[in-house]
Structures are given as C-alpha cells and as structure tokens.
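# A closer look at the structure
One letter stands for each residue in the lines below.
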Amino acid sequence: METADSDLARAAAGGDRDAFSALLARHYDGLFRVCFRLTGSRPMAEDLTQDICLALPTKLRGFRAEAKFSTWLYRVAVNAAHDARRRAATRAKAADGWGDWEVARRATDAETAEGLDWLQAAMRALPEDLRDTAALTMGDEMTHAEAAEALGISEGTVSWRLSEIRKRLKAMRDEELSA
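### Overview of the overall build of the protein chain
Counting its regular elements, the protein chain contains nine helices and zero strands. Reading the protein chain from its N terminus to its C terminus gives the helix and strand order α-α-α-α-α-α-α-α-α. Counting every position in the protein chain, which comprises 179 residues, the buried fraction comes to 36%. A sequence separation of at least 24 residues applies to 59% of the contacts in the protein chain between residues at least 6 apart.

Shown next, in the form of structure tokens:
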C-alpha cells in the first residue's frame, strides 16, 4: 500500500530523506506544469520549480495537513511566482536608464516573448488572479474546489474566473482574426 502524502510530508519535515524523495517523485512534474503556467517560460518555470524544491524541506514544517498536500504545494508555487514577479519588477525598475546595454537586453527579451505560442501570450495578458486560477485548473491539475482552497477563494469565484478567462481569450482571438 502506498504511503499517504501527508504521512510522507510529516516524515520529510522531520528529516526523512526517503520521504522527501518520494514526495518529489510524486509531485515534481505537476509542480513544474503549474510553475510553467504561472510564468509562461520554460527557463523561468525550471528556476521557480528548483527554488521551491530547495525551500521545501523548511516549508514542510508548516504543512498542517488541513488540505491535500498537492493543494498546499500548489499554493506554495503561486506564492513563489508572485514573489518572483515582484523581484523581477524591482530589478526592471532598478535597470531603467542603463543605456544601450539595457535597451539591447530588453529587445532580446521582447524577441523571446514574441516567440511564445498564442496561449502563453494570452495567459500573460490576463490579470494575475485569472492567470493563477487558469494555471491551477488547466490540464485537470486541480478541481475547482482544490483550486479555491489553494487560492483562498470560493469555488464559485473559481468558476466565475474560468468563465471570464474563456470570454477574454475569445475576445483576444476574435481581435487577432479581424486585424
């Protein structure tokens, strides 16, 4: 019989390396997918996933098993993505005015962003709350109830957000087709 995630999390929080490895083996791919949806970039998602994994032994001490482990883990990912966005915005502000080098760097970044497929571009255009909701529910990663718990909102709000996402994506597509 397979050990429950909550039991593995408690053991890992106590320093059990095998339990920690088992948790990562079960949840690494799902964590990466959520990070990719939150960032829209494979390299950023890889960095974010690794950062979360490095911090996880300490964070596990705060896991109280009030929610499924995956729900708790995805909430950690959402928070980490928000922190990364804030740090990136701070760095971008600090970099303003660095002359030709910064202009060239930003041009390269813009070319890279243009290379992303339509859905990733559309995801980035969504407000943060809608992007977070989409990232957690795409690909059957989480149910509406699990996403609601991870985001600290009601299940009805998750459903409304998904409806809003569909409406905005359709409007974006229609605008592109008419241009």
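### Comments concerning the nonpolar core
Among the nonpolar cores identified, the biggest contains 43 residues, and I52, L60, F69, W72 and L136 are the most heavily contacted of them. Of all the secondary structure elements, the ones that give two or more residues to this core are α1 (5-13), α2 (17-39), α3 (42-59), α4 (69-95), α6 (118-125), α7 (128-137), α8 (144-151) and α9 (155-178). Sort the elements by how many residues they give to this core and α4 lands first, with nine residues. F69 has contacts with D5, A9, L23, H27, L60 and F63, leaving out every residue within four places of it along the chain.

### Observations concerning α1
Looking at α1, one finds that the buried residues are L8, A9 and A12. All buried residues of α1 project into a common sector of 100° when viewed along the axis, lining one side.

### Looking at α8
Residue pairs three or four apart in sequence face the same way in an α-helix, which turns once every 3.6 residues. Burial in α8 covers these residues: E146, A147, A148, A150 and L151. Within two residues after α8, G152 carries a phi angle of roughly 70°, on the positive side.

### Topic: the pattern of salt bridges
One pass over the full model with this rule turns up 14 salt bridges. We note a salt bridge from R26 to D5, for which the minimum N-O separation is 2.6 Å. Taken together, the positions of R26 in helix α2 and D5 in helix α1 put the pair 21 residues apart, joining distant regions of the chain. We classify R26 as partly exposed; its relative accessible area is 31%. Across the pair D132 and R85 runs a salt bridge whose closest N-O atoms are separated by 3.9 Å. Residue D132 is located in helix α7, and its partner R85 is located in helix α4; the two are separated by 47 residues in the primary sequence. Residues participating in the shared-partner salt-bridge network are E2, D5 and R26.

### Some details on the packing of aromatic side chains
For the structure on display, the rule yields four aromatic pairs. Geometrically, the ring pair formed by F32 and F36 is stacked, given 6.4 Å between the ring centres and 25° between the ring planes. One end of the pair, F32, and the other, F36, are both in helix α2, four residues apart, so they sit about a helical turn from each other. Looking at F32, the relative accessible area reads 16%, which means it is buried. Members of the aromatic cluster, connected to one another through ring pairs, are F63, F69 and W72.

### So, unusual backbone geometry
Of note, the phi angle at A65 is positive, near 60°, even though the residue is not glycine. In this fold, A65 is placed in the loop between α3 and α4. On the accessibility criterion, A65 (34% relative accessible area) is partly exposed.

Thresholds applied
Sequence order sets the numbering: in each chain, residues are counted from 1 along the sequence as written. Predicted model: local features are reported for residues with pLDDT of at least 70 only, side-chain atom pairs are reported and counted for 80 or more only, and whole-chain, interface and lining totals are derived from all residues. Only heavy atoms go into the side-chain values, all of them from the structure, while hydrogens and water stay out. Comment: elements are numbered from the N terminus, with helices defined as DSSP H or I runs of at least four residues and strands as E runs of at least two. Relative accessible area decides the class of each residue, using a 1.4 Å probe on protein chains only: under 20% of the type maximum gives buried, over 50% gives exposed, and in between gives partly exposed. Here a residue-residue contact requires only that any non-hydrogen atoms of the pair lie within 4.5 Å. Residue types Ala, Val, Leu, Ile, Met, Phe, Trp, Tyr and Cys, when buried and joined through side-chain atoms within 4.5 Å, form a set referred to as a nonpolar core. Arc definition: directions from the helix axis to the C-beta atoms. We define a salt bridge as a side-chain nitrogen of Lys or Arg found within 4 Å of a carboxyl oxygen belonging to Asp or Glu. Working definition: rings of Phe, Tyr and Trp (its six-membered ring) pair if their centres are within 6.5 Å, and the pair is stacked with planes under 30 degrees apart, edge-to-face with planes over 60 apart, and tilted otherwise.

Read these as layout, nothing more, since geometry by itself doesn't imply function.
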